[in-house]
Amino acid sequence: MLLAGFAADRASELLAAVSAVTQIAPFRHMVTPGGWPMSVAMTNCGIAGWVTDRSGYRYDSVDPQTSSPWPAMPTCFAALASAAAAAGGFLGFQPDACLINRYEPGARLSLHQDRNEGDFDQPIVSVSLGLPAIFLWGGRTRQDRVRRIPLLHGDVVVWGGPARLTYHGINPLKIGDHPLTSGVRYNLTFRKAL
Ligand code: SIN
Ligand code: FE2
């Protein structure tokens with residue numbers, strides 16, 4: 001479900017919280033199991049954080065770069081995620097992990113499933129801030145037809161239930177200038193990881 005503009009009125013507060021989180025856990029380009037640095041810069045907050053390195057994809061309670069726990073999830077993040085999930089039909093969503101993605105022009109996320117979480121009964125809640133992007137929304141297999149859905153500043157996407165393991169991705173970001181984020185797009189992805 002696409003909740004158009006759901007987060008728009010709280011965007012400044014969310015972006016201030018992103019800035020606070022990244023002072024403790026800076027954005028970094030993680031390396032895929034195949035050894036390639038990702039074009040999207042990432043960090044996390046919450047009790048678990050999604051990481052990738054040469055040994056694989058996983059959730060870790062510690063930031064491998066600082067050897068400290070990830071920053072706590074800001075209250076405004078958790079409140080938004082629960083409200084959006086409820087609006088999408090998933091009551092009682094309490095995320096324990098938030099992956100924060102930063103896209104610069106050209107950065108992309110190839111088609112993938114979110115499948116490192118422990119509980120597929122819980123949805124994924126994804127919040128877009130700043131520059132627009134084209135969201136790729138496929139099916140249950142990599143071969144299924146992919147739809148291209150523009151995601152704008154403040155949009156929230158909720159997927160769960162039969163759609164929980166849908167393949168998705170982001171096309172290379174186009175150059176732009178946004179009043180709140182200048183030349184980048186941020187995405188917050190809330191999960192119940194543990
Ligand atoms: C993701 O799949 O983790 C991020 C999707 C997005 O950036 O909108
Ligand atoms: Fe994803």
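It should be noted that the structure appears before, not after, this text.
Now for a description of the structure that goes with this document. On a predicted model such as this, the values are computed, not experimentally measured, just so you know. (Residues numbered from 1 in each chain as written. Chains lettered and ligands numbered in written order. Predicted model: local features only at pLDDT ≥ 70, side-chain atom pairs only at ≥ 80, totals over all residues. Heavy atoms only, no water.)

Regarding the site of ligand 1
Spelled out, the test is: Near is defined per residue: the residue qualifies when any heavy atom it owns lies within 4 Å of the molecule or strand. N or O atoms closer than or at 3.5 Å make up a polar contact, with two conditions inside protein: a donor-capable atom paired with an acceptor-capable one, and, for residues adjacent in sequence, both atoms drawn from side chains. Only protein atoms enter the calculation, which uses a 1 Å grid: trapped sets of points that fit a 1.4 Å probe without letting it out are cavities, open sets showing protein on both sides within 12 Å along at least five of seven lines are pockets, and any residue with an atom within 4 Å of a point is a lining residue. Occupancy of a cavity or pocket is assigned to a molecule whenever over half of its atoms lie within 2 Å of that pocket's grid points. Helix numbering and strand numbering both begin at the N terminus, where a helix is a DSSP run of H or I of at least 4 residues and a strand a DSSP run of E of at least 2.
Around ligand 1, the surrounding shell consists of Asn 101, Tyr 103, Leu 109, His 112, Ser 126, His 168, Ile 170, Arg 185, Asn 187, Thr 189 and Arg 191. Here Tyr 103 contributes a side-chain N or O atom positioned 2.5 Å from an oxygen atom of ligand 1. One nitrogen or oxygen atom from the side chain of His 168 is found 3.1 Å from an oxygen atom belonging to ligand 1. With respect to the detected pockets, ligand 1 is housed in the largest pocket. Those elements giving two or more residues to the shell around ligand 1 turn out to be strand S7 (97–103), strand S8 (109–112), strand S13 (168–170) and strand S14 (185–191).

Examining the layout of surface pockets
Gaps left between atoms show up when a probe the size of a water molecule is rolled over them. Stated formally: Grid points are joined across faces, edges and corners, and a volume is the space filled by probe spheres set on the points.
Roughly 620 Å³ of internal volume is contained in the largest pocket. Around the largest pocket, the lining is made up of 33 residues, and of these Met 38, Trp 50, Leu 109, Ser 110 and His 112 lie nearest the centre. Where the lining of the largest pocket is concerned, the elements lending two or more residues are strand S4 (56–60), S7, S8, S13 and S14.

Digging into the nonpolar core
For clarity, the threshold we go by: Working definition of a nonpolar core: buried Ala, Val, Leu, Ile, Met, Phe, Trp, Tyr and Cys residues. They are joined through side-chain atoms within 4.5 Å. Only protein chains enter the accessibility calculation, which uses a 1.4 Å probe. A residue is then buried if its area is under 20% of the maximum for its type, exposed if over 50%, and partly exposed in between. In what follows, a contact means two residues having at least one pair of non-hydrogen atoms within 4.5 Å.
Formed by 30 residues in total, the largest nonpolar core has its most connected members in Phe 77, Ile 100, Leu 188 and Phe 190. Secondary-structure elements contributing two or more residues to this core are helix H1 (11–24), strand S2 (41–46), helix H2 (75–87), S7, strand S9 (124–130), strand S12 (156–159) and S14. Here Ile 100 is in contact with Val 18, Val 21, Phe 27, Ala 41, Met 42, Thr 43, Cys 45, Phe 77, Asn 187 and Leu 188, once residues within four sequence places are set aside. Listed in part, the 26 residues of the second largest apolar core include Ala 25, Met 38, Trp 70 and Leu 151.

Remarks on the coordination of the iron ion (ligand 2)
Stated precisely, the cut-off is as follows: Donor atoms (N, O, S) are those found within 2.8 Å of the metal centre, with the cutoff raised to 3.2 Å for Na, K and Ca; water is not part of the atom list, so apparent gaps in a site can occur. Tetrahedral means four donors with every angle between 85 and 135 degrees, whereas square planar (four donors) and octahedral (six donors) require angles over 155 degrees between opposite donors and between 65 and 115 for all others; sites fitting neither are termed irregular.
Taken together, the protein ligands of the iron ion (ligand 2) are His 112 (NE2), Asp 114 (OD) and His 168 (NE2), with distances of 2.1 to 2.2 Å. Considering all four donor atoms around the iron ion (ligand 2), the spread of angles at the metal, 89 to 173°, places the coordination shape in the irregular class. For the iron ion (ligand 2), all donor residues lie on one chain, and their spacing in sequence is H-x1-D-x53-H. Just as His 112 is buried, Asp 114 falls in that class too.

Some thoughts on the sheet that holds S8
For clarity, the threshold we go by: Here, a strand pair is defined by DSSP locating no fewer than two bridges between the strands. Each axis is a line fitted through C-alpha atoms, and for a helix only the stretch in contact is used; angles between axes span 0 to 180 degrees, taken between their N-to-C directions.
Spatial strand order, S8-S13-S10-S11: four strands in an open sheet with antiparallel pairing. Taken across any chain shown, the strands that pair with only one partner, and hence form the sheet edges, are S8 and strand S11 (147–151). For this sheet, the mean angle separating the axes of adjacent strands, direction not counted, is 20°. One ladder, built from two bridges, connects S8 with S13; its direction is antiparallel. Counterpart to Leu 109 in the pairing with S13 is Ile 170.

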